[in-house]
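In case you want the letters, here they are:
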Amino acid sequence: MEESLTVIYRDLFGNSPEWSSEICGSASSRKYYRMGDRGHSVVGVIGEDLKENAAFIALSDHFHSAGMPVPKVLAKS
């Protein structure tokens, strides 16, 4: 798993994840990781394309604020 995801996880939850596993991705170049501990389970995403990342976050935020059942973005770096 990417170290940057560990740092973000630690900032959010106060400890490093106890476990992580890579999740099969989609057609984009993004990498997805499920990680967690006894109290939390989240998905971390690594993407190199800044414009694609901005669109991904904006759409997720928009759909979430409209009450649609989509994952909520907890942090970004």
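Parameters at a glance
Residues numbered from 1 in each chain as written. Predicted model: local features only at pLDDT ≥ 70, side-chain atom pairs only at ≥ 80, totals over all residues. Heavy atoms only, no water. 1 Å grid on protein atoms, 1.4 Å probe; cavity = no way out; pocket = protein on both sides within 12 Å on 5 of 7 lines; lining within 4 Å. Points joined across faces, edges and corners; volume = space filled by probe spheres on them. Helix = DSSP H or I, 4+ residues; strand = E, 2+ residues; numbered from the N terminus. Nonpolar A, V, L, I, M, F, W, Y, C, P; charged D, E, K, R; others polar. Pairing = 2+ DSSP bridges. Expected span 1.5 Å × (residues − 1). Buried < 20%, exposed > 50% of the residue type's maximum accessible area, 1.4 Å probe, protein only. Arc of directions from axis to C-beta. Polar contact = N/O pair within 3.5 Å; in protein donor to acceptor, adjacent residues only side chain to side chain. Salt bridge = Lys/Arg side-chain N within 4 Å of Asp/Glu carboxyl O.

Novice: Looking at this structure, I do not really get the layout of surface pockets. What am I missing?
Specialist: A probe matching the size of a water molecule, rolled over the atoms, marks out where space remains unfilled. By volume, the largest pocket amounts to about 790 Å³. Lining the largest pocket are 28 residues, with V43, G44, V45, F56 and A75 positioned closest to its centre. Secondary structure elements with two or more residues in the lining of the largest pocket: α1 (3-13), β2 (31-36), β3 (41-46) and α2 (50-65). Taken together, the residues that form the lining of the largest pocket break down as 19 nonpolar, six polar and three charged.

Novice: Would you take a moment to explain the pairing of β2 for this structure?
Specialist: Every other side chain in a regular strand lies on the same face of the sheet, so the side chains alternate between the two faces. The pairing of strand β1 (residues 19-23) with β2 spans five bridges and is antiparallel. For I23, the partnering residue across the bridge sits in β2 and is Y32. Of the pairings in the sheet, the one linking β2 to β3 comprises six bridges and is antiparallel in character. Residue Y33 lies in a different strand from β3, and its bridge partner there is G44. Following β2, the chain reverses through four residues before pairing antiparallel with β3.

Novice: Looking at this model, I keep getting lost on α2. Mind explaining?
Specialist: An α-helix turns once every 3.6 residues. As a result, residues three or four positions apart point the same way. An ideal rise of 1.5 Å per residue puts 22 Å on 16 residues; α2 measures up with 22 Å between its terminal C-alpha atoms. Taken residue by residue, α2 has N53, I57 and S60 as its buried positions. The buried residues of α2 all sit within an arc of 65° when viewed along its axis, so they share a single face. A distance of 3.1 Å separates the backbone nitrogen of K51 from a side-chain oxygen at the start of α2, and that oxygen is part of D49. Just downstream of α2, G67 is the residue with a positive phi angle, here 85°.

Novice: Quick question: what am I supposed to make of the pattern of salt bridges here?
Specialist: Close approach of charged atoms lets side chains of opposite charge pair. Summed over all chains, the structure comprises two salt bridges. When the shortest N-O distance is used, the salt bridge between R30 and E52 registers 3.4 Å. Of the two residues, R30 is situated in the loop between β1 and β2 and E52 in helix α2; the sequence distance between them amounts to 22 residues. Assessed through its relative accessible area of 13%, R30 is described here as buried.

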